[in-house]
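Here are the chains, one letter per residue:
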Amino acid sequence: MADEPKSRYLQYLEIVMGSLEEKKRYRQYKARIKQLPENYRTAVEALERYLMHFGPADGAGAMAMYEDLAELFEQSAADGTPIRDIFGDDPVEFVEAFMANYPLGQYRTRERNRFTSAIDRAAGDTTPPRDRTEG
C-alpha cells in the first residue's frame, strides 16, 4: 500500500494540511509522552515548548528529533534516571546540545558562529573565535 500512488484528494489534502504521515507520527509521539510518569512528562512538555520556538520547523526533521526525545525519556523513566541527571545543571545547555544533533540545529550553530565571528572581526577583536555553543 505504501507504494501505491496517492489519490488526487490525498495529494491536495497534504498540500493544504501538510503530510498525513508526519501528523500520524506526531500523534504517536504524543501518545508515547502521555504514558510517561508525571515528572518525566512535565519535563518533556517543557522541552517540547522550547523546541517549538527554537527547534526544527520542518516535519521530518522535527519528528526525528521528537521521536528521539520520546525514546530518551522512555528509557530514562525505565531506568529510574532522575530528571536532573538527564538535563544537568543547565537545561538550556542540554537542549541546545540536543538540537545540534539534527540538521537545523547544526545549521543554527554554524550561523550563530558565523554571526558572532563577523561581529568580532568588525569590532577588531583579534582573539581566535570560540565555540559559541559553550557557555
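The structure displayed is predicted, hence computed values, not measured ones.

Parameters at a glance
Residues numbered from 1 in each chain as written. Predicted model: local features only at pLDDT ≥ 70, side-chain atom pairs only at ≥ 80, totals over all residues. Heavy atoms only, no water. Salt bridge = Lys/Arg side-chain N within 4 Å of Asp/Glu carboxyl O. Helix = DSSP H or I, 4+ residues; strand = E, 2+ residues; numbered from the N terminus. Buried < 20%, exposed > 50% of the residue type's maximum accessible area, 1.4 Å probe, protein only. Polar contact = N/O pair within 3.5 Å; in protein donor to acceptor, adjacent residues only side chain to side chain. Axes fitted to C-alpha atoms, helices over the stretch in contact; angles between N-to-C directions. Parallel < 35°, antiparallel > 145°, perpendicular 65-115°, else oblique. Left-handed = near helix turned anticlockwise from the far one by under 90°. Contact = heavy atoms within 4.5 Å. Nonpolar A, V, L, I, M, F, W, Y, C, P; charged D, E, K, R; others polar. Phe/Tyr/Trp six-rings, centres within 6.5 Å; stacked < 30°, edge-to-face > 60°. Expected span 1.5 Å × (residues − 1). Arc of directions from axis to C-beta.

Q: Run through the pattern of salt bridges, naming residues and quoting values.
A: All told, the structure shown has 3 salt bridges when counted by the stated rule. Residue Lys 30 pairs with Glu 48 through a salt bridge whose shortest N-O separation is 2.9 Å. Separated by 18 residues along the polypeptide, Lys 30 in helix H2 (residues 20-34) and Glu 48 in helix H3 (residues 38-54) bring together distant segments of the chain. A relative accessible area of 30% means that Lys 30 is categorised as partly exposed. Between Arg 32 and Glu 74 there is a salt bridge, and its shortest N-O distance comes to 2.6 Å. Note that Arg 32 is positioned in helix H2 and Glu 74 in helix H4 (residues 59-79), a separation of 42 residues in sequence.

Q: Tell me about the environment of Thr 109, residues and numbers included.
A: Turning to its location among the elements, Thr 109 is positioned in helix H7 (residues 103-122). Using a relative accessible area of 17% as the deciding quantity, one classes Thr 109 as buried. Taking C-alpha positions, Thr 109 is 9.4 Å from Met 99, a pair spaced 10 residues apart along the chain.

Q: Give me the side chain of Glu 48: which residues, what numbers.
A: Under the relative-accessibility criterion, Glu 48 is labelled buried at 8%. Looking at Glu 48, its side chain comes within polar contact range of the side chain of Lys 30, at 2.9 Å.

Q: Tell me what's going on with the packing of H3 against helix H6 (residues 91-99), and back it up with residues and numbers.
A: Orientation of H3 relative to H6, taken along the N-to-C sense of each, is 55°, at an axis distance of 11 Å. When the interaxial angle is binned, H3 and H6 end up oblique. Seen from above, H3 lies across H6 with right-handed handedness. Residues Leu 47, Tyr 50, Leu 51 and Phe 54 of H3 form the contact with H6, whose participating residues are Val 92, Phe 94, Val 95, Glu 96 and Met 99. Its residues assigned to classes, the contact of H3 with H6 shows 8 nonpolar, no polar and 1 charged.

Q: Hey, could you go over the packing of aromatic side chains for me, with residue numbers and the actual values?
A: The way to describe two aromatic rings as a pair is by their centre distance and the angle between their planes. This structure, assessed with the given rule, holds 6 aromatic pairs. Between Tyr 29 and Tyr 66 the ring centres are 5.2 Å apart and the planes differ by 40°, which places this aromatic pair in the tilted class. Residue Tyr 29 is located in helix H2, and its partner Tyr 66 is located in helix H4; the two are separated by 37 residues in the primary sequence. Each member of the pair, Tyr 29 as well as Tyr 66, carries the same accessibility label: buried. Where Phe 94 meets Phe 98, the ring centres are 6.1 Å apart and the plane angle is 20°; that geometry is what we call stacked. Within this pair, Phe 94 and its partner Phe 98 are both found in helix H6, separated by 4 residues, close to a single helical turn.

Q: Describe the environment of Arg 32, with residues and values.
A: Given the relative accessible area of 27%, Arg 32 is considered partly exposed. Along the backbone, Arg 32 and Glu 67 are 35 residues apart, and their C-alpha atoms lie at a distance of 9.1 Å. Setting aside chain neighbours within four positions, we find Arg 32 in contact with Glu 67, Ala 70, Glu 71 and Glu 74.

Q: Give me the lowdown on H2, citing residues and values where you can.
A: Taking 1.5 Å as the rise per residue, H2 with 15 residues should run 21 Å; its terminal C-alpha atoms sit 21 Å apart, in good agreement. Those residues of H2 not exposed but buried are Glu 22, Arg 25, Tyr 29 and Ile 33. All buried residues of H2 lie within an arc of 80° about the axis, which places them on one face of the element. Those residues of H2 that are exposed and angled more than 90 degrees off the buried face are Arg 27 and Lys 34.

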